[in-house]
Amino acid sequence: MRHTLAGLAAGLSLFLISACGANAAASCGANSAEAATGEPIVIGAITGKTGPDDFSNSTKAAKAYFDCLNAKGGIHGRPVKYLVEDDQWNPEIAAQLAAKLVNDEKAVLMVGNSSFVECGANAEFYKKAGIVVVAGVGVPRECFFAENYAAANAGPRVSMLGAMGYALDKLKAKSVVCIGPNIPNVGTWPCDGIASLAKEKGFTAETILMDPGTADSTSTILQAAASKPDVIILGLPKGVTIPLLTAAEEQGLNHTIKFLSAASAYDLSVPATIGAGWDGNFYVNMEFNDLESATPDNQNWLAVMDAYGQPSDPRDTFAQAGYLAARIAEQALMSLDPKDITRESTSAAVRKVKNFTSDIFCTPWYFGEGQPRHNANSTTRMAVSEAGKWKVISGCAPSPDPELADIRAYEKSAGIAP
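Before going into details, it helps to say that this report is about the structure given with it.

So, how was this worked out
- Residues numbered from 1 in each chain as written.
- Predicted model: local features only at pLDDT ≥ 70, side-chain atom pairs only at ≥ 80, totals over all residues.
- Heavy atoms only, no water.
- Axes fitted to C-alpha atoms, helices over the stretch in contact; angles between N-to-C directions.
- Helix = DSSP H or I, 4+ residues; strand = E, 2+ residues; numbered from the N terminus.
- Parallel < 35°, antiparallel > 145°, perpendicular 65-115°, else oblique.
- Left-handed = near helix turned anticlockwise from the far one by under 90°.
- Contact = heavy atoms within 4.5 Å.
- Nonpolar A, V, L, I, M, F, W, Y, C, P; charged D, E, K, R; others polar.
- Salt bridge = Lys/Arg side-chain N within 4 Å of Asp/Glu carboxyl O.
- Buried < 20%, exposed > 50% of the residue type's maximum accessible area, 1.4 Å probe, protein only.
- Pairing = 2+ DSSP bridges.
- Expected span 1.5 Å × (residues − 1).
- Arc of directions from axis to C-beta.
- Polar contact = N/O pair within 3.5 Å; in protein donor to acceptor, adjacent residues only side chain to side chain.
- Disulfide = S-S within 2.5 Å.
- Core = buried A, V, L, I, M, F, W, Y, C linked by side-chain atoms within 4.5 Å.

This part is about the packing of helix H3 (residues 91-104) against helix H4 (residues 118-129). Running from N to C, H3 and H4 point in directions that differ by 30 degrees, and their axes come no closer than 8 Å. Classified by the interaxial angle, the pair formed by H3 and H4 is roughly parallel. Handedness of the H3/H4 crossing: right-handed. Along the contact surface, H3 presents Pro-91, Ala-94, Ala-95, Ala-98, Ala-99, Val-102 and Asn-103, while H4 presents Glu-118, Ala-121, Asn-122, Phe-125, Tyr-126 and Ala-129. In terms of residue class, the contact of H3 with H4 is built from 10 nonpolar, two polar and one charged.

Scanning all chains against the criterion turns up 13 salt bridges. With a closest N to O distance of 3.3 Å, Lys-127 and Glu-147 form a salt bridge. With Lys-127 in helix H4 and Glu-147 in the loop between strand S4 (133-135) and strand S5 (149-151), this residue pair connects regions lying 20 residues apart in the sequence. Judged by relative accessible area, which is 41%, Lys-127 ranks as partly exposed. Looking at Glu-147, the relative accessible area reads 37%, which means it is partly exposed. For Asp-297, the salt bridge goes to Arg-327, with nearest N and O atoms at 2.7 Å. Of the two residues, Asp-297 is situated in helix H10 (residues 296-308) and Arg-327 in helix H11 (residues 317-334); the sequence distance between them amounts to 30 residues. Residue Asp-297 is classed as buried on the basis of its relative accessible area of 2%. Classification of Arg-327 by relative accessible area gives buried; the value is 15%.

A word on the pairing of strand S7 (residues 204-210). Alignment of strand S6 (residues 175-181) against S7, held across seven bridges, turns out to be parallel. In the sheet register, Gly-180 faces S7, and the bridge partner there is Leu-209.

Burial of the side chains of strand S8 (residues 231-234) extends over both faces: Val-231 and Ile-233 are buried on one face and Ile-232 and Leu-234 on the other. Looking at chain direction, S6 and S8 are connected through four bridges and run parallel. Paired with Cys-178 across the strands is Ile-233, a residue of S8. As judged from the four bridges shared by S8 and strand S9 (residues 258-261), these two strands associate in the parallel manner. Counterpart to Ile-232 in the pairing with S9 is Phe-259.

Taking 1.5 Å as the rise per residue, helix H6 (residues 188-201) with 14 residues should run 20 Å; its terminal C-alpha atoms sit 20 Å apart, in good agreement. Those residues of H6 that sit buried are Trp-189, Pro-190, Cys-191, Gly-193, Ile-194, Leu-197 and Ala-198. Gly-202, located one to two residues past H6, shows a positive phi value of around 85 degrees.

Now for helix H7 (residues 217-225). In an α-helix, one full turn covers 3.6 residues, which means residues spaced three or four apart are oriented alike. The complete set of buried residues in H7 reads Ser-217, Thr-220, Ile-221, Ala-224 and Ala-225. Across the axial projection of H7, the buried residues extend over an arc of 130 degrees, all falling on one side. Buried positions along H7 lie against S6, S7, S8, helix H8 (238-250) and S9. Near the N-terminus of H7, the side chain that reaches the backbone nitrogen of Thr-218, with its oxygen 2.9 Å away, is that of Asp-216.

The term disulfide refers to a covalent linkage connecting the sulfur atoms of a pair of cysteines. Using the criterion set out here, one finds four disulfides in the structure. The disulfide that involves Cys-28 links it to Cys-68, with 2.0 Å between the sulfurs. The sign of the S-S torsion, about 105 degrees, decides the handedness of the disulfide formed by Cys-28 and Cys-68: right-handed. Residue Cys-28 is located in the loop between helix H1 (2-20) and strand S1 (41-47), and its partner Cys-68 is located in helix H2 (residues 57-71); the two are separated by 40 residues in the primary sequence. Taken as a pair, Cys-28 and Cys-68 share a single burial class, namely buried. Here the chain pairs its bonded cysteines, counted in sequence order, in the arrangement 1-2, 3-4, 5-6, 7-8.

Mapping Ser-27 onto the fold places it in the loop between H1 and S1. Within the structure, Ser-27 has its side chain in polar contact with the side chain of Asn-31 (distance 3.1 Å).

Below, the discussion takes up the nonpolar core. Formed by 97 residues in total, the largest nonpolar core has its most connected members in Ile-43, Phe-66, Ile-179, Phe-259, Phe-282 and Trp-365. Top element by residues in this core is H11. It accounts for 12 residues. When sequence neighbours within four positions are dropped, the list of residues in contact with Phe-259 reads Ile-221, Ile-232, Leu-245, Ala-248, Leu-253, Trp-278, Asn-281, Phe-282 and Tyr-283.

Here H10 crosses H11 at 100 degrees, and the two axes come no closer than 11 Å. The angle between the axes of H10 and H11 places the two elements in the roughly perpendicular class. On the side of H10, the interface is formed by Asp-297, Asn-298, Asn-300, Trp-301 and Val-304, while H11 contributes Ala-319, Gln-320, Tyr-323, Leu-324 and Arg-327.

All right, on to the environment of Leu-83 then. Relative to the helices and strands, Leu-83 is located in strand S2 (residues 80-86). In this structure Leu-83 comes out as buried when scored by relative accessible area, which is 19%. Non-local contacts of Leu-83, meaning those with residues more than four positions away in its chain, are made with Val-42, Ile-43, Gly-44, Ala-45, Leu-101 and Glu-105.

In structure tokens, the structure reads:
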């Protein structure tokens, strides 16, 4: 009964947010008037904060949500102790931190992870340790091909293939150059997906891999433009994407080639940063809803960030992912007896999540119990830079990634619509 009442309270609060706008109070958990004071529930996270780019926005948002949850009653009175570690974009450090959080800190769940290296370093360790990860932002292939690892985001391959689908359908592209980071199972994986789609659809595709920490932006862009492609698709962090666009504009390529990006460039600051020269010519895939959408849960995310995050915390697509990961974890934990929240019971509860709905997602999120891999978020939108802002230019569309065949088959068998 308590779980049912908590759900009703949360639903009512989200309705009020919709009615009252962004200034409404943040809604979290049971929205109790009393803060949680019981025995803490340890939840861990690993992110890449220091390195070629700060990739910690997901964990910042997850922390804001857990702080809100703790202030409003926690998990049936028990607070979440959220421990975030920085892997510094280093696989060895990522492995050490996973052992620390799982073995030493006794985390029952990992939530909000966002890293370019930690999935590959830790996926097998998580499986052996019997701990489930509800990541915010999965990046390398291992994040989407692991039994115990499920991300809230779509991932770079699904996101870039979503952008490529738009380029084919709306921009009538016949040739493409894919630029990705020279990181194992990060750059090659999405670009190989575009190459596979090229064979299926009959367009030409080339791949360029660059070191995100040391690459020369101008030489990379000139190399990409040499074959005179219709479109160039970027699958890089925002901090690497902007210098590439600057270099492209310096060469006048913003007027001759269409540029598209994975969701990594979908940040409210980007259109103004790159300037009017990119109006109507820089397209991004959106793995989630419009960042400024007035829909109830998106407004609640913003309210949570305003009330419990830092003013400097980005309100971007990866922050949406961290918020969603925390909410998914909350739903699973709220289904448990607060006296019996263990790693085993928590993992079982997460695996049973089948129909997590939020207006931030295009379709309901599910874990996929018994499945060897997970990619529930694979239906996305597109936006274009215009007049210093993003303009949403498409509805929700399933990614045309050929590698999703097994995911689509499972969704069909389970009665889940993509």
